[in-house]
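# Structural description and commentary
Below, each chain spelled out in residue letters.
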Amino acid sequence: MEEPTVKVFPLMLRISVIRDSNTMTVKISKKDNAIENYKKACKIFNVDFEPVHVWDFSGQTNLIFMNEWNRIPQDCQRQPDQEILLELQVSLLLDSVNCRGDSKKDDLSLQQSHITNPSYCGSLVGNGILGNMSSDSYTNGGSKGVGNLGLTGLENLGNTCFMNSAIQCLAHMPKLVDYFLGDYMREINHHNPLGMDGEIALAFGDLLRKLWSPDRTPVSPRFFKAKLARFAPQFSGFNQHDSQEFLAFLLDGLHEDLNRVKCKPYFEAKDACGRPDEEVADEYWKNHLARNDSIIVDICQGQYRSTLVCPVCNKVSVTFDPFMYLSLPLPSTTMRSMTVTVFSTDGSLRPTSYTVNVPKHGKSKDLIQALSNVCSLKDDESLLVAEVYSNCILRYLEDPSDSLSLIRDGDRLVAYRLSKDLEKLPLVVFMHQRMEEQGIHNKMLGQWKAFGVPLIARIPTTGSGTTIRSLFFKLLNPFVLPKDKEDGNLCDGASETDLSSNIPDCEATINDSLTGKLVEDALQFHVTDVKGQTTHAKIELNEPVSLTGYQKQLHVLVSWQDTALSNYDVCLLSSLPEIYKCSLFSKRPQDSASLYACLEAFLREEPLGPEDMWYCPSCKKHQQASKKLDLWRLPEVLVIHLKRFSYSRFMKNKLETFVDFPIHNLDLSNYIAHKSDQAYPYSLYAVSNHYGNMGGGHYTAYVYHEGQDCWYDFDDRHVASMTEDSIQTSAAYVLFYRRVQTKNLDKQVIS
């Protein structure tokens, strides 16, 4: 059966190129061949026969340029001599001013604005974009034309600022804008069980097109919100949510809806087995792309190296995993301030308290290393850290792998400087008690009560009562209260040098009859238990002390009388600060950190938590392995999430730490393990901000607009220009960086 012939009339197109304020006219008809049409298009857009991208908002005008205008609606009653005049507006998008390689390619958006005789071409009005496309200047822009596109706000539907903030950041990602203003629907994957049948992609594409239309009326994202609630019930309703959590869902949803892979192959993960990292990384990445291939992967996904080491058998496991964004901890969430008092065991120094910063989930070796640095520990000395509770030593942190997370802020720690030469000798631990009078029924009764910090020394295995007393007086040297030589009064302002000159020799003191009587009456020594609650044998002068059963430690309880207390600064002995003292009324100064410090905290090696233990294939059991991350392959657009919110069983908290993030030239070359992979610097183009507390707060977005060469504050429906120096605030929550070509770094031209 012969198909009916349709008479084709020439179609007149009036194309307005706004950037040059010119109007050009071209006739394209069916009788022209495709090559001539293509040459005409290239001549119009001055692209030297490079591919022309025509974004079609109506869904119909592409037929003209594809030379497929072969059907006319049956109800069109036209005269042969009547022209159909179609006026199109050509808008320059973000990437159209950028160089792609060495060639000049313009991405053009043709938006249907006006049909002089719509009754003849009703089929061209495709999706309701028909409207006023005039190039009036934007309220905050000040210039006309294409530079104003994309400066459209979003209505707040009720606590949807979290969604609006994230959408505006994505809606100004250049390649993503080009993609969704193009023919993206052909890539929708309707067969992906992990996707949403393309509905999220279609809803987002429709919303993005409205944001980039010349109509500057704030857009209501009601349709998109309904689709979001359908596939992600956690975002239904009108409660406040986290913009980063929404962003993670949206990126993943767009990826699955637009995944070009229709049938995902299965790959079994292979161990490195000594192979070069480059080979293993490429294998992982190839397998990943075989299952995941979308515009989101092209733009936003990178790769990092994960190294796990078993603490028992030292088995090393190396894997290479993709990432969509980096969640960086803030230093205040990874580091912890701890105050520890250091005692000397040779009687040469007064106890001194030091505050050090250690990893929050670090080990005792980290604390010892930090203390060794601040107290100038000698090469022949070591530190023994102990926890003190109720005036006795509760436990020692002898194992370097002991976790610091078990130590609370209200605990008290001491560290004893010990000589390495005597480390094989047993310890003697001196605990203290003194008589306190209590009034009961108008009668004063005395009761022994523990006080002070235990003192530690090394004791010879053949010790005697005299030796133990001598060691104790040596430890008390820093606590002696010096007396004025003339009147015998105590010197309040005595220096440490003066104090040392007034310290009597221990052996001479013990042998002196008067002092010996003082010791006997004012200081009495008994062998006791670990807690100092039970007294055993009394330690007598010049009598041997049996160390049987005390191979490692001998505990001695020293009973102080008032005559002894008056000669020593027991306040110095008794004051022991907490690990961290939190004041309820004093506001802590605002923390600050650089973005690089946050990245280093993210990449720092740390042990896995008890809930994230790793199954070691060598030990055949779960182990609390140490984990180390390294950046391996960086994406074109790097999304960085600052972990400001912390959650626990009993409380929620937001960190107001000011993060100093670079706006230009974010250099990550020192953090990439794959050195052969060229690391371009990054330039900031958007920020999602959160203001307020955990209970609600408000989200906004700062976005750099390429056409205006200016930053804008998107606060729901309100859009206002802003200065670059006001971008860095403590409200910054999610940062969006895009990679910059090194050769064009000075011009900040985006690759």
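Just above sits the structure.
Reading guide: rules and limits
Residues numbered from 1 in each chain as written. Predicted model: local features only at pLDDT ≥ 70, side-chain atom pairs only at ≥ 80, totals over all residues. Heavy atoms only, no water. Helix = DSSP H or I, 4+ residues; strand = E, 2+ residues; numbered from the N terminus. Buried < 20%, exposed > 50% of the residue type's maximum accessible area, 1.4 Å probe, protein only. Contact = heavy atoms within 4.5 Å. Salt bridge = Lys/Arg side-chain N within 4 Å of Asp/Glu carboxyl O. Pairing = 2+ DSSP bridges. Axes fitted to C-alpha atoms, helices over the stretch in contact; angles between N-to-C directions. Parallel < 35°, antiparallel > 145°, perpendicular 65-115°, else oblique. Left-handed = near helix turned anticlockwise from the far one by under 90°. Nonpolar A, V, L, I, M, F, W, Y, C, P; charged D, E, K, R; others polar.

The residue Lys 363 is located in the loop between β10 (352–359) and α11 (364–374) in this model. For Lys 363, a relative accessible area of 24% corresponds to the partly exposed category. Taking the C-alpha atoms as reference points, Lys 363 and Leu 404, separated by 41 residues in sequence, lie 5.3 Å from one another. If we ignore the near neighbours within four places in the chain, the residues touching Lys 363 are Pro 400, Ser 401, Asp 402, Ser 403, Leu 404 and Pro 607.

Attention now moves to the pattern of salt bridges. Across all of its chains, the model carries 22 salt bridges by this definition. The salt bridge partner of Arg 260 is Glu 187, with a shortest N-O separation of 3.1 Å. Here Arg 260 is found in the loop between α7 (243–257) and α8 (277–291), whereas its partner Glu 187 is found in the loop between α4 (174–180) and α5 (199–211), with 73 residues between them in sequence. The exposure class of Arg 260 is partly exposed, given its relative accessible area of 27%. The structure contains a network of salt bridges with shared partners spanning Glu 187, Arg 260, Asp 293 and Asp 298.

When you tally the buried positions in strand β18 (residues 553–560), you get seven out of eight residues, the bulk of the element. With five bridges joining them, strand β16 (residues 523–528) and β18 adopt antiparallel strand pairing. What sits directly across from Phe 525, in β18, is Val 558.

Here we come to the packing of α5 against α7. Taken N-terminus to C-terminus, the directions of α5 and α7 make an angle of 110 degrees; their axes are 8 Å apart at the nearest point. For the element pair α5 / α7, the angle class is roughly perpendicular. For the element pair α5 and α7, the recorded crossing hand is left-handed. Side by side, α5 and α7 meet where Glu 199, Ile 200, Ala 201 and Phe 204 of the first sit next to Leu 250, Leu 254 and Asp 257 of the second. Looking at the contact of α5 with α7 residue by residue, the classes come out as five nonpolar, no polar and two charged.

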